[in-house]
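These are the residues of each chain, in order.
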Amino acid sequence: MFQRNLYKLFIAILIYLQMPVLQSCTKEYSYEGGLPVDTIPAPIHDTVPTPGNTFFPSCDACAPGNNSATLYWSFKYDAAFLCGSVTNSVITPERNGFTFFGPSTCSLDTGLIMTVFLDNDALNMDKANIITDHASLEYYDNTTTSDVFISTRHLISFTIASYVHNTGIATGTFNGLVKRRDSTLAPITNGKFTIQFR
């Protein structure tokens, strides 16, 4: 009985000693840790300082013209190019509103969520040049309690340049103002997306 209790105490001490090591790894993400060696993208460079005391990881994958994802989002904020894949797109039954989202390419802790409402229009046939300002944008950060950017409708101009009903693929652009963590407004430009409704 004494040996069993001693063994349990020994295991408990080992687990206790390992806890700081385990906790220190929980918020650390890297390409090398999760991808096979032959699919590792270009290394992440130094962070890019931007106004509003926010820093963005910069990587070659988000440089203009480098995005290879079929379904993606991207935009420019100050000197930083941000991009990511679209993991899902959901459309309302009336097909007059939708949401799409996905993680960032350069930092898996962050990502984009956009919700769009179409004014007196619906994606029920091939369409082109649908413009609305009823769009909200959230650039989230899973490591903190606040979003990096958030914007409500009337601050973002959202354009569906092309929608093909047979494939469910929509492409377009977005630009506008976002609220930063310090509550000041800042412009985002060169927003692009390709999404697909299934």
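Calculation criteria
Residues numbered from 1 in each chain as written. Predicted model: local features only at pLDDT ≥ 70, side-chain atom pairs only at ≥ 80, totals over all residues. Heavy atoms only, no water. Helix = DSSP H or I, 4+ residues; strand = E, 2+ residues; numbered from the N terminus. Areas by Shrake-Rupley, 256 points an atom, 1.4 Å probe, with all protein chains shown as cover. Buried < 20%, exposed > 50% of the residue type's maximum accessible area, 1.4 Å probe, protein only. Contact = heavy atoms within 4.5 Å. Patch = residues over 30% accessible without salt bridge, like charges linked within 9 Å, V, L, I, M, F, W, Y side chains within 5 Å. Salt bridge = Lys/Arg side-chain N within 4 Å of Asp/Glu carboxyl O. Pairing = 2+ DSSP bridges. Phe/Tyr/Trp six-rings, centres within 6.5 Å; stacked < 30°, edge-to-face > 60°. pLDDT = per-residue confidence, 0-100.

What follows concerns the overall build of the protein chain. Each helix and strand counted, the protein chain has 2 helices and 13 strands in total. Within the structure as shown, the protein chain displays about 11,900 Å² of accessible surface, and the carbon and sulfur contribution to it stands at 58%.

It is worth spelling out the side chain of Ser 89 at this point. With respect to the helices, strands and loops of the structure, Ser 89 is situated in strand β5 (residues 88–91). Of the residues examined, Ser 89 reaches a relative accessible area of 10% and is grouped as buried. Those residues in contact with Ser 89 that lie beyond four places of it in its chain are Thr 99, Phe 100, Ile 195, Gln 196 and Phe 197.

What follows deals with the environment of Thr 92. With respect to the helices and strands, Thr 92 occurs in the loop between β5 and β6 (97–103). Given the relative accessible area of 25%, Thr 92 is considered partly exposed. Sequence-wise, Thr 92 and Phe 117 are 25 residues apart; in three dimensions their C-alpha atoms are separated by 9.6 Å.

This part covers a nonpolar patch on the surface. Together, Leu 155, Leu 177 and Leu 185 make up a nonpolar patch on the protein surface, roughly 230 Å² of accessible area in all. Considering the arrangement of structural elements, one finds Leu 155 in the loop between β10 (149–151) and β11 (156–164). Residue classification places Leu 155 among the partly exposed positions, given a relative accessible area of 32%.

The next point concerns the pairing of strand β9 (residues 135–141). Each regular strand shows side chains that alternate between the opposite faces of the sheet. β9 sits mainly inside the fold: 5 of its 7 residues count as buried. Direction of pairing for strand β7 (residues 110–117) relative to β9: antiparallel, over a ladder of 7 bridges. Looking across to β9, one finds that Gly 111 is bridged to Tyr 140.

Another point: the packing of aromatic side chains. In the structure shown here, the tally under the stated rule is 14 aromatic pairs. Judged by centre distance (4.7 Å) and plane angle (15 degrees), the rings of Phe 158 and Phe 193 are stacked. A residue pair is termed long-range when its members are at least 10 positions apart, and Phe 158 in strand β11 and Phe 193 in strand β13 (residues 185–196) qualify at 35 residues. For Phe 158, a relative accessible area of 0% puts it in the buried group. Seen in terms of ring centroids, Tyr 163 and Phe 197 are 6.5 Å apart; in terms of plane orientation they differ by 55 degrees. Their pairing is tilted. With a gap of 34 residues between them, Tyr 163 in strand β11 and Phe 197 in the segment after β13 connect regions that are remote in the sequence. Just as Tyr 163 is buried, Phe 197 falls in that class too. Ring pairs connect the aromatic residues Trp 73, Phe 75, Tyr 77, Phe 98, Phe 100, Tyr 139, Phe 149, Phe 158, Tyr 163, Phe 174, Phe 193 and Phe 197, which therefore count as one cluster.

Take the confidence of the model for the protein chain next. Summary statistics for the protein chain give a mean pLDDT of 77 and a share of 70% for residues scoring 70 or more. Between residues 2–53, whose pLDDT stays under 50, and residues either more than four places distant or in other chains, the model counts 43 contacts.

In this structure, Asn 120 takes a positive phi of about 55 degrees despite not being glycine. Summarising the element assignment, Asn 120 is placed in the loop between β7 and β8 (127–132). Overall, the relative accessible area of 83% leaves Asn 120 in the exposed class. A positive phi angle, near 55 degrees, is found at Asn 129, a position not held by glycine. Mapped onto the secondary structure, Asn 129 falls in strand β8. Of the residues examined, Asn 129 reaches a relative accessible area of 59% and is grouped as exposed.

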